Amino acid sequence: MNELLRAARRLTKSSLLRKLFARPNRAHASGTDEAYAARMKAETAVYKDVADINVLPAIFHYWSNAYLRPMLEEFGVSNPDQFFAKYLLESARACGAEAPVFVSI
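Residues numbered from 1 in each chain as written. Predicted model: local features only at pLDDT ≥ 70, side-chain atom pairs only at ≥ 80, totals over all residues. Heavy atoms only, no water.

Novice: Tell me what's going on with the overall build of the protein, and back it up with residues and numbers.
Specialist: A count of helical and extended segments in the protein gives 5 helices and 0 strands. Taking all 105 residues of the protein together, the buried fraction comes to 5%. For the protein, the exposed surface amounts to about 9,800 Å²; the carbon and sulfur share of it is 61%. (Helix = DSSP H or I, 4+ residues; strand = E, 2+ residues; numbered from the N terminus. Buried < 20%, exposed > 50% of the residue type's maximum accessible area, 1.4 Å probe, protein only. Areas by Shrake-Rupley, 256 points an atom, 1.4 Å probe, with all protein chains shown as cover.)

Novice: Can you explain the pattern of salt bridges? Please cite residues and give values.
Specialist: Per the stated rule, a full pass over the model turns up 1 salt bridge. A salt bridge links R69 to E73; the nearest nitrogen and oxygen atoms lie 3.0 Å apart. Placement of both R69 and E73 in helix α4 (residues 58-73) is noted, with a separation of 4 residues, approximately one turn of the helix. The class of E73 is partly exposed, set by a relative accessible area of 41%. (Salt bridge = Lys/Arg side-chain N within 4 Å of Asp/Glu carboxyl O.)

Novice: So, α4: which residues are in play, and what are the values?
Specialist: Compared with an ideal rise of 1.5 Å per residue, which puts 16 residues at 22 Å, α4 spans 21 Å between its outermost C-alpha atoms and is within 8% of the ideal. At N65, α4 is deflected by roughly 40°, the largest bend along its length. (Expected span 1.5 Å × (residues − 1). Bend = angle between axes of the 7 residues up to and from the residue.)

Novice: An account of the environment of P100 is needed here, citing residue identities and associated values.
Specialist: Considering the arrangement of structural elements, one finds P100 in the segment after α5 (80-95). Here P100 falls in the partly exposed class, since its relative accessible area comes to 30%. In the structure, P100 is positioned 11 residues away from L89 in sequence and 9.7 Å away in space, judged by C-alpha atoms. When residues no more than four places from it in sequence are discounted, the contact partners of P100 are A92 and C95. (Contact = heavy atoms within 4.5 Å.)

Structure below.
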């Protein structure tokens, strides 16, 4: 586990990540930037009048309860939060560390 933590720390200090996630220089704007701006404007307009963008349509709840929940219940849980909690707890107990560390990628 310590090796994984050290690797994660090295990765966060890596110049590779800075290159991968660097923002493009806006001084060289091109037609693709204009197209992207147009798509962003259109997408923003879709959600302009939505009070809570986290509210899911009723069909999601029907579908997830009809199809996903039975699959999760085979693992002894009813929802994704319980799934992660159960297996993180099992992993923490198995490693025996006083303060286990989990990495989310």
